[in-house]
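# Summary of the model geometry
The chain contents come next:
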Amino acid sequence: MVAARLPPAAYPTYHTAYVDSDPHFVIEVPSRNDIICFNINEKPGVILNLVRDPATGVTVNGQIIGNKKAAGKAETSNTYFGKFGIIHKPLGMKIEVTPEVIAVHSGETKTVFPWMETASLQHESLKLVITKETSLSVTFGDGATIVILLHRVWKKHPLHQDFLGLYTLDERRFSTQTHGLLGQFFHDLDFEVYDIHPGSDPGKSDATMIVKGNKLTVTRGKQIDYRTDLKHGTFVPCWFIHNNGKGLINGVSSDYVVSTLFDTM
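### Points about the overall build of the protein chain
Scanning the protein chain from N- to C-terminus turns up 1 helix and 20 strands. Relative to the compact-globule value of 18 Å for 265 residues, the protein chain shows a C-alpha radius of gyration of 19 Å, a close match. With the C-alpha coordinates aligned to their principal axes, the bounding extent of the protein chain is approximately 55 × 50 × 35 Å. Counting the 265 residues in the protein chain, one finds 50% classified as buried. Counting every atom, the protein chain has about 12,800 Å² of accessible surface; 52% of that belongs to carbon and sulfur. Of the charged side chains in the protein chain, 26 are positive and 27 negative, and the gap between their average positions amounts to 6 Å.

### As for the packing of aromatic side chains
Under the defined criterion, the tally for this structure stands at 8 aromatic pairs. An angle of 15° between the planes, with centres 4.5 Å apart, marks the rings of Y18 and Y167 as stacked. Of this pair, Y18 sits in strand β2 (residues 17-20) while Y167 sits in strand β15 (residues 163-169); the two residues are 149 residues apart in sequence, bridging distant segments of the chain. In this structure Y18 comes out as buried when scored by relative accessible area, which is 1%. Here the aromatic residues F25, F38, F81, F84 and F185 are joined through ring pairs into a cluster of three or more. The ring of F191 carries the charged tip of R32 above its face, separated from the ring centre by 6.0 Å.

### Notes on the layout of surface pockets
Roughly 180 Å³ of volume is contained in the largest pocket. The wall of the largest pocket is formed by L150, H151, R152, V153, F163, Y226, L230 and K231.

### Digging into the pairing of strand β19 (residues 234-241)
In this structure, strand β4 (residues 34-39) lies alongside β19, joined through 3 bridges in parallel fashion. When the sheet's bridge partners are listed, C37 is paired in β19 with F240. The sheet contact formed by strand β18 (residues 214-225) and β19 spans 8 bridges and is antiparallel. Each residue of the ladder has a partner; that of G221, found in β19, is C238.

### Section: the confidence of the model for the protein chain
Scored by pLDDT, the protein chain comes out at a mean of 88, with 91% of its residues at no less than 70. Here strand β1 (residues 2-5) is the element of the protein chain with the lowest mean pLDDT, 40, and strand β20 (residues 257-258) is the one with the highest, 98. The low-confidence segment residues 1-15, where pLDDT is below 50, has 43 contacts with residues more than four positions distant or belonging to other chains.

### Brief notes about the pairing of strand β6 (residues 58-66)
Most of β6 is tucked away: 8 of the 9 residues are buried. Two elements, strand β5 (residues 47-53) and β6, share 6 bridges in a ladder whose sense is antiparallel. What sits directly across from R52, in β6, is T59. Taking the residues that link successive antiparallel strands as the turn, the β5-β6 hairpin has 4 residues, and the phi of G57 there is positive, at about 75°. As judged from the 9 bridges shared by β6 and strand β7 (residues 79-88), these two strands associate in the antiparallel manner. Note that in β7 the partner of V58 across the bridge is H88.

Conventions we followed
- Residues numbered from 1 in each chain as written.
- Predicted model: local features only at pLDDT ≥ 70, side-chain atom pairs only at ≥ 80, totals over all residues.
- Heavy atoms only, no water.
- Helix = DSSP H or I, 4+ residues; strand = E, 2+ residues; numbered from the N terminus.
- Rg over C-alpha atoms; globule rule 2.2 N^0.38 Å.
- Buried < 20%, exposed > 50% of the residue type's maximum accessible area, 1.4 Å probe, protein only.
- Areas by Shrake-Rupley, 256 points an atom, 1.4 Å probe, with all protein chains shown as cover.
- Lys, Arg positive; Asp, Glu negative; His and termini not counted.
- Charge placed at Lys NZ, Arg CZ, Asp CG, Glu CD.
- Phe/Tyr/Trp six-rings, centres within 6.5 Å; stacked < 30°, edge-to-face > 60°.
- Lys NZ or Arg CZ within 6 Å of the ring centre and 35° of its normal.
- 1 Å grid on protein atoms, 1.4 Å probe; cavity = no way out; pocket = protein on both sides within 12 Å on 5 of 7 lines; lining within 4 Å.
- Points joined across faces, edges and corners; volume = space filled by probe spheres on them.
- Pairing = 2+ DSSP bridges.
- pLDDT = per-residue confidence, 0-100.
- Contact = heavy atoms within 4.5 Å.

Following this line, the structure appears as structure tokens:
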């Protein structure tokens, strides 16, 4: 592995499938010029499989964290991703990403990068680029790129803590066998929305969606995209799927729970 410092780079742009904040899963569907979103509500400590591609040997898992426990108060329901594990099986590489450091494991060798420096690392077909206190991009040869964004919060905040978001670029370069909470949407997704009408939530519309042979009641809402504005983000409209994405994701959300950060299932 060769590690080298890089000069500050322009903020990257990327698109399509991502998970960020509480945690909100957002799927852009270019063929429909529309966006679908859903939340996964799990307890802090739970690890979820996000991407698993048996053809390329790439797996991505994420561990959920919660808010800090305020003295004398019950913990709130807000959850985020606080750790990601990326596995590249053909190269025998594992990458652990936390809000503190980025640790790269290759065989018996471990290289640790702090977020406070801009740097890069190249190992055969795998390339990592760290943009100081902003993002980590992992590119798999001439294939897809995964970008992890770092969200910093005020250190003395009584509840919130630093967390991470995960975005994909050129995800169609993953094989059609790709699965996971994000990976299953890397290729074509067809759906139909009709019967749009005022919903029970003031200012929001409900509608009927036909997707994967299921008939769902969905709500027009919005989520935040942090790709171009890491601090404030940009609101994007989307059709929200209720009940942990039931009817949209394959199976149920508990099917995606794994035992360790580097579990390849």
